[in-house]
Amino acid sequence: MTTNQTSPLEIPELVYRISWFLPLWELESVGIYSFLPYDLAACIQVNRLWNRTLTPLLWMAFETYIADELKIPKYVIQKHSHHLRYANFNCNLALPTIHTSRLRELEVDNMEPLAIRELTRSNPQLEFLDINMAMEITVLSLQSILEPLINLSQLELRLGQYVSLDQIVVPLAHLTKLRQLNLAHFTEMEQLDMLPLQLNSVTVLVLNCAWNRNPGLHQIVRLFPNIESLKIHAKSIDAGAPLELPCADLSRNLRENCPKLKSIQNMQLTEFDWTAMSEDDHLKLLTSTDRLAHYNLPTTVFSFAICDALLAHASTLETVDIYCKAANEETFREAGRVLSLCPQLLSFKICTRYRSTLGAESLALFDYPWNCPHLKELHLHWFEPLNFTMSNMSHAQYLLDQLDEISRTPKWTRILGENPLPIPELYEGLLRGQGWNILQRELFHKSQLEKILYEKVFERVLTMPGMRKVRLGEYFFLKRGYTV
C-alpha cells in the first residue's frame, strides 16, 4: 500500500504564510522604510509553485524610482501591476500602462490630474492618497479625483500654488471617513471673513506650510472642529530668519473652535530641522486647550515660565519632548519638575543641539523626586546640527575639553575613581538581572560626569516597573522584549 505524502513546502497556503516572516522592509532612517525584498526574490526562484505563490507578494509594493534604478522592463511592470497594493508613481520617469484595481495606498508625483482620476476610479477602496503636484489644479479637477474615494482615511495634498480655504474644503466635503489631512507647500492662503462648511471627520491636521507666506493659514483650524492632534512645521523658510508663527491667532482659533484638541507637535524634529520658538509663543500655544496630552515644540531654553504653562496640563500630559538649542541648568531643573508633577506621563525626552551641552547642569534633572509611575520611555540625547562642518569643530572640541576638565576635578575623582569602565561591563550585572539589554557593546563613558549622570538615571529607573526604554546619549537600554 502506498500513500502520497505532500511536503509542507509544496502547500501553497503554507508557503505564502511563511513568506510573510521574510524581511520585506529595511529601515533607512527614523520612521522611513524601503521595500527591499531580497530574500523573497530569491525564494521565488526555487520552483514554479513558489514562483506562482510568492510573486503577488513581491509586487505588493511598487515605487517608480526603484523600478527605474533596477531597470525593470516596462512590459514586466505592466504584466504584474494587477498585484499592486501600495504604489508610488513619479511621472518624471516614464511609466507603462498600469492595470490595478486593488490599491490601498497611492502616492503620485507630478502626474496629470486626468491620469490620477483614472487611478482613483479604478481603486475606490483607497485608504491613503498623497498628491504632490507642482502644476496648478482646479477645484473641479481635485473634486473629480477624490469623488470615488468614500473610504479614504488619510489624505496628503502637496500643492505648490495659490489656494483659498474653500478650494480645500469643497472637494473634501463627501469624505466622511477622512481622519488625517496633511497640507504642504501651499502659498498665499488668504484670510476670509466667512468660512466655508466644516469637516467633522478629521481628527489629525498636519500643516507643513510657510506661515509667513500664508496669512490665512491660522484660520484653517476653524474648518476642523473635531481635531485632536495638530502638527505644524516650526521652521523658518529663510535661514536665520525668525519663525513668524502667528501663535496668538492660532491659539485663539484653536481655543474657540477645537474643544477636543489634546496634542500640539512639531512635524519635523528627528533631523533637528527646526527654528526655536520664543517663550511668548509657547505661552500662547499652551493656552490653546485645557487638556493637553502631547507637546513637543522647540525652544531655545526650557524656562520656568514655559514649564509653569505646561504644568497647567499636568494631570493629562502623556508625552513631553523638550527640544532645546541650548540646555542650561534651568532647562534640566524644569524638566525634573515635569517628571515630578505629571503622574500620567508615558514618555519624556530632552534633546539638545550639541554633545557638549551634557555638562554639570544636567544633574539639576534630579533636584526633585520623580513621580511618574506609568513612564515607559526616557530619552536624554543631543543632535548635531545639519550644517555642522569642520569650520566649527574647534569650538566643539573646546567645549568638550571644558566638560572633561569638570569631570577631572577632585570631587568627581574622589567619588568614582580615575578610569571609567566600558558601559556594558559597568551595567552588566545591575541591568541584566533586572531584565534589561544594552544595544552597544564597545562604548565607554566620555567623562566621570557622564558616568554620574547615568548612575543617577538608573537609580531612579530601576524603581519604576513600567519603564521599557532609556536612551542616554547614543546608548540605548531596552527592557527585554522591547524594541527601538
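Residues numbered from 1 in each chain as written. Predicted model: local features only at pLDDT ≥ 70, side-chain atom pairs only at ≥ 80, totals over all residues. Heavy atoms only, no water.

For this particular structure, what's the right way to read the nonpolar core?
Most often, soluble globular proteins have nonpolar side chains that are buried together. Within the largest apolar cluster, 111 residues are counted, with the highest numbers of intra-cluster contacts made by Ile 220 and Phe 348. For Phe 348, the contacting residues outside a window of four places in its chain are Val 320, Ile 322, Ala 335, Val 338, Leu 339, Leu 375, Glu 377, Leu 378 and His 379. Ranked by size, the runner-up nonpolar core spans twelve residues in total, among them Val 15, Ile 44, Trp 50 and Met 60. (Core = buried A, V, L, I, M, F, W, Y, C linked by side-chain atoms within 4.5 Å. Buried < 20%, exposed > 50% of the residue type's maximum accessible area, 1.4 Å probe, protein only. Contact = heavy atoms within 4.5 Å.)

Help me understand the side chain of Thr 120 in this model?
By the element assignment, Thr 120 lies in helix H6 (residues 113-122). Residue classification places Thr 120 among the buried positions, given a relative accessible area of 0%. Residues within four places of Thr 120 in sequence aside, it is in contact with Leu 126, Leu 129, Ile 145, Pro 148 and Leu 149. (Helix = DSSP H or I, 4+ residues; strand = E, 2+ residues; numbered from the N terminus.)

Even after reading the chapter, I still don't get unusual backbone geometry, so can you show me in this structure?
Comment: phi is negative for the bulk of residues other than glycine, and the bulk of peptide bonds are trans. Phi at Asn 110 takes a positive value of approximately 55 degrees, unusual for a residue other than glycine. One can find Asn 110 in the loop between strand E5 (105-109) and H6. On the basis of relative accessible area, Asn 110 is assigned to the partly exposed category, the value being 26%. At His 185, a position not held by glycine, the phi torsion is positive, near 70 degrees. Within the secondary structure, His 185 sits in the loop between strand E8 (180-184) and strand E9 (204-208).

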